[in-house]
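# Residue-level structural notes
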Amino acid sequence: MPIEWDPEARQFHLGNGLMSYVMRVLENGWLGHLHFGAPLAAGRSYAHLGGRAFHGFSNRVGEPVPLELPTAGSGDFRVPALVVEQADGSIVLDLRYASHAIRPGKPDLPGLPSTYAEGDAEAETLEIVLVDDPTSLRVTLRYTLFRDRPVIARSATISNAGAAAVRIRTAMSVSLDLADADWHLVTLSGTWARERHVEEGRLLPGRRSVGSLRGASGLEHNPALVLRRPRATEEDGEAIGLSLVYSGNFLAEAEVEPRGTTRVRLGLHPDGFAWTLEPAATFTVPEAVLAWSDAGLGGLSDASHGLYRERLARGAWRDRPRPILLNSWEGVYYAFDAARLVDMARAAADLGIELFVLDDGWFGRRDDDASSLGDWVVDERKLPGGLGPLARDVEALGLRFGLWIEPEMVSPRSRLFEAHPDWAIGIPGRQRTESRNQYVLDLSRPEVVDHLDDALTRVLESAPISYVKWDMNRNITEPYGGALPAARQGEFFHRYMLGTYELWRRLTERFPEILFESCASGGGRFDPGLLAFAPQTWTSDDTDAIERLKIQWGTSLVYPLSSMSAHVSAVPNHQVGRITPLATRAAVAFFGVFGYELDPRTLDEADRAAVRDQVAFYVAHRDVFQRGRFVRLRSPFEGDGNETAWLVVSDDRRRAVLGHYRMLERPVPRFDRVRLRGLDPAAIYRVRPWPASLGSGQAARGGDELMTVGLAIEPADPLTGFGRADFSARLFDLEAT
Ligand code: DGJ
């Protein structure tokens, strides 16, 4: 059994040979944490691992032992995982073991997204009930161990079995105590158009945290943390990953205390949070996923890629090949009518593109971003007869039709706002802050969710729509739930997320054949929470190939390529003004869910031929790009960042594509070899450069040689001029013979 309970030692050991998680019920009934990390042998006591002194005290345990669910005020002065304000205003809890159960499979969390098991054999779940006798507060800690993955999914439900209401002030999804501080903390941080850059530093005494108080996980920080040993690399060494299956306010934090132990916690951001729990009520915290690897950051990414692609994403599109799309946004923005769109779609069809997506601007009177959000009725000035005729024209060209929506928003200039000004989030008597000329709808109100469900269902039923891009372009200010009493305003942000998830659930269940893509000003809600509903996300509004190297590299630390939308756009690039070769733009966007975001009617014949070749290449390698193993080889965040290299390898290791990118060209380039990983050492690979015009023919190389000696990246070719330009990319197509 992967989850072992030893009644003598009062020890739980969750171990699957890939990693171990060990806890023990202490003498006084508290639940102590003994170990998370390397796999340990089953059937042994690990009680001695708990005796890890930290700078604190308690007269209720013989020696300080890290707790699974640390609370406040009883001698452990580090950041707590659970703070509950009781009827008398006090916050101390004495949570003692009451019972446990071990069940096959994995339960869903009410109203919240989560990872899942397909069938009971894939996972086992341990539920441990802790009780605080004075208040009768019960906490059910839930740990799911996946049989074949080095990950544990954690969540908890807090139940008030007492007679008086209590207020939850802090409820983290995970608190993890580590015996030392010899770690580097890695976060994925940035802002609009440069999301999820890798930021890294040694842990130091005190706290380091990232988080969001914006009502969305945000562009600034991702709800994920990585800890890696200072010497760990992409392929070797110990690393721990934590990520939160949630899309709203979060806190991710590491604290090093004076004796050098580390506590990491991740969950709902406690700032501004307060949840009243009446007698008999329950509250479930979002799920956190913990992963461990001794194969470095690459091993950690393998674990989260597999889990998130196969057991977080769900629905018909989880395993289907994702279509190559043309999105109208950067091509025409708001300036279109049906004829122009059909012309674009015709040009796209001629290039082999499979899906045409109509972005913002099709509803109300939306000629710019100043109006109409909330009025989900087609603008017949632009699209006479509605979406149906346009979608059918597009389908007649051999493409599928997709549509952009931004459900959670309302423009002050809209019919919806005129009719329901109170549905926009704001505090009565105070001015609302506008951002991008819009307000956020109060999705904590069930009637708002019902209205959006009806309005969007009408839209999605009005035409053959195969794909939906669900955007969200501003964050929440003046947080206030119009239907919540004063004492419950601390629940607002989380209730907003619950309402949003409810809307996602209804629409994705009602339209199971639609491929949903999430978006929030680019990657402002690129998180595991929304991946449970939409298997792909618009990675960033920045479509510049060079900027994308960092964005896609950072994103790949946690998220699989099948979740990352990546488009080729026009030059000069609209975000940074850079001019990069068309082949480079494609060579970067291939490593994701591929598409275009330009006006194909403006391409000349040479570019059209190049795009046809790109589309054909992606189609031929789509399964490798979307389902293969992504291997990071050379980081744009290291050294002078001038070069990046990465690789994607099919599961059977018979096929692979290597991408090598050089930002600035230099005179007298050094001789360069890239050492590959993840290939079959015994196989002989046929190595062909792509596009064929840029290469010097094909070669046969052994997998062992490619992984030990490496593949030579030839210097500038005097005939083709390749390598003499800035922003060059070289792709190599590998196939075992
Ligand atoms: C922000 C998105 O990230 C863009 O791709 C585009 O859809 C615009 N919103 C439309 O307003």
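Provided above is the structure to which this section pertains.
A brief structural summary.

Parameters and conventions
Residues numbered from 1 in each chain as written. Predicted model: local features only at pLDDT ≥ 70, side-chain atom pairs only at ≥ 80, totals over all residues. Heavy atoms only, no water. Salt bridge = Lys/Arg side-chain N within 4 Å of Asp/Glu carboxyl O. Helix = DSSP H or I, 4+ residues; strand = E, 2+ residues; numbered from the N terminus. Buried < 20%, exposed > 50% of the residue type's maximum accessible area, 1.4 Å probe, protein only. Axes fitted to C-alpha atoms, helices over the stretch in contact; angles between N-to-C directions. Parallel < 35°, antiparallel > 145°, perpendicular 65-115°, else oblique. Left-handed = near helix turned anticlockwise from the far one by under 90°. Contact = heavy atoms within 4.5 Å. Polar contact = N/O pair within 3.5 Å; in protein donor to acceptor, adjacent residues only side chain to side chain. Core = buried A, V, L, I, M, F, W, Y, C linked by side-chain atoms within 4.5 Å. Pairing = 2+ DSSP bridges. Nonpolar A, V, L, I, M, F, W, Y, C, P; charged D, E, K, R; others polar.

### A word on the pattern of salt bridges
- Going through the model one piece at a time under the given rule, you end up with 68 salt bridges.
- One salt bridge connects Glu122 with Arg311, and the closest N-O pair in it is separated by 2.8 Å. Placement of Glu122 in the loop between strand E6 (95–104) and strand E7 (123–132) and of Arg311 in helix H1 (residues 296–311) is noted, with a sequence separation of 189 residues between them.
- Owing to a relative accessible area of 23%, Glu122 belongs among the partly exposed residues under this scheme.
- What makes Arg311 buried here is its relative accessible area of 10%.

### Concerning the packing of helix H9 (residues 545–555) against helix H10 (residues 582–589)
- It is the contact of H9 with H10, at a shortest axis distance of 9 Å, that shows an interaxial angle of 15 degrees. What the angle tells us is that H9 and H10 run roughly parallel. The crossing of H9 and H10 is left-handed. Across the interface between the two elements, Ala545, Arg548, Leu549 and Gln552 of H9 pack against Thr584, Arg585 and Val588 of H10.

### Considering the environment of Glu127
- Checked against the element boundaries, Glu127 lands in strand E7.
- Sequence separation between Glu127 and His100 is 27 residues, and the spatial gap between their C-alpha atoms is 5.4 Å.
- Here Glu127 is in contact with Ser99, His100, Ala101, Arg103, Pro107, Thr140, Leu141 and Arg142, once residues within four sequence places are set aside.
- Separated by 3.0 Å, the side chains of Glu127 and Arg103 make a polar contact.

### Looking at the nonpolar core
- Core analysis: the largest hydrophobic core is formed by 191 residues, its most contacted members being Trp362, Leu387 and Phe591.
- Here this core gets eight residues from one element, more than from any other, and that element is helix H7 (residues 492–510).
- In this structure Trp362 touches Phe336, Trp376, Val377, Val378, Asp379, Leu383, Leu387, Leu403, Trp404, Ile405 and Val459, once residues within four positions along its chain are discounted.

### A word on the pairing of strand E17 (residues 262–268)
- Counting buried positions over the seven residues of E17 gives seven, a clear majority of the element.
- Pairing of strand E10 (residues 166–178) with E17, which is carried by six bridges, proceeds in the antiparallel orientation. Within E17, the position partnered with Leu176 by the bridge is Val264.
- Here strand E16 (residues 250–256) pairs with E17 via seven bridges, running antiparallel. Note that in E17 the partner of Glu255 across the bridge is Arg263.
- Once E16 ends, the chain turns through five residues before running back antiparallel as E17, passing Gly260 with a positive phi of about 90 degrees.

### A word on the packing of helix H3 (residues 338–351) against helix H4 (residues 387–396)
- Closest axis-to-axis distance for the H3/H4 pair is 9 Å, and the angle between their directions is 20 degrees. What the angle tells us is that H3 and H4 run roughly parallel. Like other packed secondary-structure pairs, H3 and H4 cross with a definite hand, here right-handed. Facing H3, whose interface residues are Ala338, Leu341, Val342 and Ala345, H4 presents Leu390, Asp393 and Val394.
- Across the contact of H3 with H4, the residue classes tally to six nonpolar, no polar and one charged.

### Let's talk about the sheet that holds strand E32 (residues 643–649)
- The six strands are arranged E31-E32-E33-E38-E35-E36 in an open sheet whose pairing can be described as antiparallel. In this open sheet, the two strands that pair with only one neighbour each are strand E31 (629–634) and strand E36 (699–702). Put simply, the sheet's adjacent strands are angled 25 degrees from each other on average, direction ignored.
- Taken together, the eight bridges between strand E33 (residues 655–662) and strand E38 (residues 728–736) define a ladder with antiparallel strand orientation. The residue bridging His660 from the neighbouring strand is Arg730, located in E38.
- H9 contacts E31, E32 and E33 of the sheet and is inclined by roughly 50 degrees relative to E32.

Keep in mind these numbers describe shape, not what the thing actually does.
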